[in-house]
Amino acid sequence: EHTDNNNNNNINKPKKSFPRINDLLNQHAQQQQQLQLRKHRLSNSTSSNIPSALKQKYIAIDCEMVGIGPTSTKSALARASAVDYDGNILLDTFVRVPERVTDFRTSVSGVRPKDISVKNVNAMDPEEVRNKIGKLLLGKILVGHALKNDLDALMITHPRGDMRDT
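The present account deals with the structure reproduced in this document.

Definitions and cut-offs
- Residues numbered from 1 in each chain as written.
- Predicted model: local features only at pLDDT ≥ 70, side-chain atom pairs only at ≥ 80, totals over all residues.
- Heavy atoms only, no water.
- Helix = DSSP H or I, 4+ residues; strand = E, 2+ residues; numbered from the N terminus.
- Buried < 20%, exposed > 50% of the residue type's maximum accessible area, 1.4 Å probe, protein only.
- Contact = heavy atoms within 4.5 Å.
- Areas by Shrake-Rupley, 256 points an atom, 1.4 Å probe, with all protein chains shown as cover.
- Arc of directions from axis to C-beta.
- Phe/Tyr/Trp six-rings, centres within 6.5 Å; stacked < 30°, edge-to-face > 60°.
- Lys NZ or Arg CZ within 6 Å of the ring centre and 35° of its normal.
- Salt bridge = Lys/Arg side-chain N within 4 Å of Asp/Glu carboxyl O.
- Core = buried A, V, L, I, M, F, W, Y, C linked by side-chain atoms within 4.5 Å.

## Re the overall build of the protein
When helices and strands are counted, the protein shows six helices and six strands. Moving toward the C terminus, one meets the helices and strands of the protein in the order α-α-α-β-β-β-β-α-α-β-α-β. When each of the 166 residues of the protein is scored for burial, the buried share is 27%. In the protein, the proportion of contacts linking residues at least 24 apart, taken out of those at least 6 apart, comes to 51%. In the form shown here, the protein has an accessible surface area of approximately 12200 Å², with 52% of it arising from carbon and sulfur atoms.

## Re helix α6 (residues 147–154)
An α-helix turns once every 3.6 residues. As a result, residues three or four positions apart point the same way. Leu147, Asp150, Leu151, Ala153 and Leu154 are the residues of α6 that are buried. What you see down the axis of α6 is that its buried residues fit within an arc of 160°, all on one side. In this structure, the buried side of α6 is in contact with β1 (58–68), β2 (74–84), α5 (126–137), β5 (141–144) and β6 (163–165). Where α6 ends, the next residue or the one after it, Met155, has phi of about 60°, a positive value.

## Remarks on the packing of aromatic side chains
The final tally for this structure, using the stated rule, is one aromatic pair. Between the NZ or CZ atom of Arg79 and the centre of the ring of Phe94, over which it lies, the distance is 4.7 Å.

## Some details on the pattern of salt bridges
Scanning all chains against the criterion turns up five salt bridges. Taking the shortest distance from any N to any O, the salt bridge between Lys55 and Asp86 comes out at 3.4 Å. In this pair, Lys55 is assigned in helix α3 (residues 52–55) and Asp86 in the loop between β2 and β3 (89–94), connecting sequence segments 31 residues apart. Residue classification places Lys55 among the buried positions, given a relative accessible area of 15%. Its relative accessible area of 43% is what places Asp86 among the partly exposed residues. Among the ionic pairs, Asp92 bridges to Arg79, the shortest N-O distance being 2.8 Å. Highlighted residues: Asp92 in strand β3 and Arg79 in strand β2, separated in sequence by 13 residues. Assessed through its relative accessible area of 39%, Asp92 is described here as partly exposed. Using a relative accessible area of 25% as the deciding quantity, one classes Arg79 as partly exposed.

## Re the environment of Val118
Along the polypeptide, Val118 turns up in the loop between α4 (106–109) and α5. Along the primary structure Val118 and Arg96 are separated by 22 residues, whereas in three dimensions their C-alpha atoms are 6.2 Å apart.

## Things to note about the nonpolar core
With 19 residues, the main nonpolar core has Ile61, Leu77, Val129, Ile133, Leu137 and Leu154 as its most contacted residues. For this core, the secondary-structure elements that each account for two or more residues are β1, β2, α5 and α6. Those residues in contact with Leu137 that lie beyond four places of it in its chain are Ile59, Ile61, Leu142, Ile156 and His158. The next biggest cluster of nonpolar side chains, apart from the first, holds 10 residues, and it includes Ala76, Ala78, Val97 and Ala123.

## Quick look at unusual backbone geometry
Despite not being glycine, Ser72 has its phi angle at roughly 65°, a positive value. The residue Ser72 is located in the loop between β1 and β2 in this model. Classification of Ser72 as buried rests on a relative accessible area of 14%. At Ala146, a residue that is not glycine, the phi angle is positive and equals roughly 55°. Considering the arrangement of structural elements, one finds Ala146 in the loop between β5 and α6. On the basis of relative accessible area, Ala146 is assigned to the partly exposed category, the value being 27%.

Encoded structure:
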């Protein structure tokens, strides 16, 4: 008589316990509720204690540049972004580069050829971006990282005492 060794081995093994889908869904929903509650508490504890008049004084900018020239060491403005104190987007646009781009620096800048192409109707001319950012910054405290590079790319200045460079 032939016996199946596989059947005998399976009888002695304890069954694996798998969670039920409803238990997993409930656990996920509870985690999401806790996360939302933490976010709500954090936003209420930090942002709501600051008067809106003070919040209105701050603008943060960030610019992305591409390389131009034979060695790509010269930078040209390719994207400009500005947000208010609460992170609301005031401006986020690609910028048409009037010179031949020799290095898009995509891994750092995220800029692709089509983003700054003259055919991209959503991209803006450098002068238009400069004017918009300049108007946003009037009388404001400017926040950003390596602001000198961003201001150089925008070809604008800002009072040193009104800058918070991180």
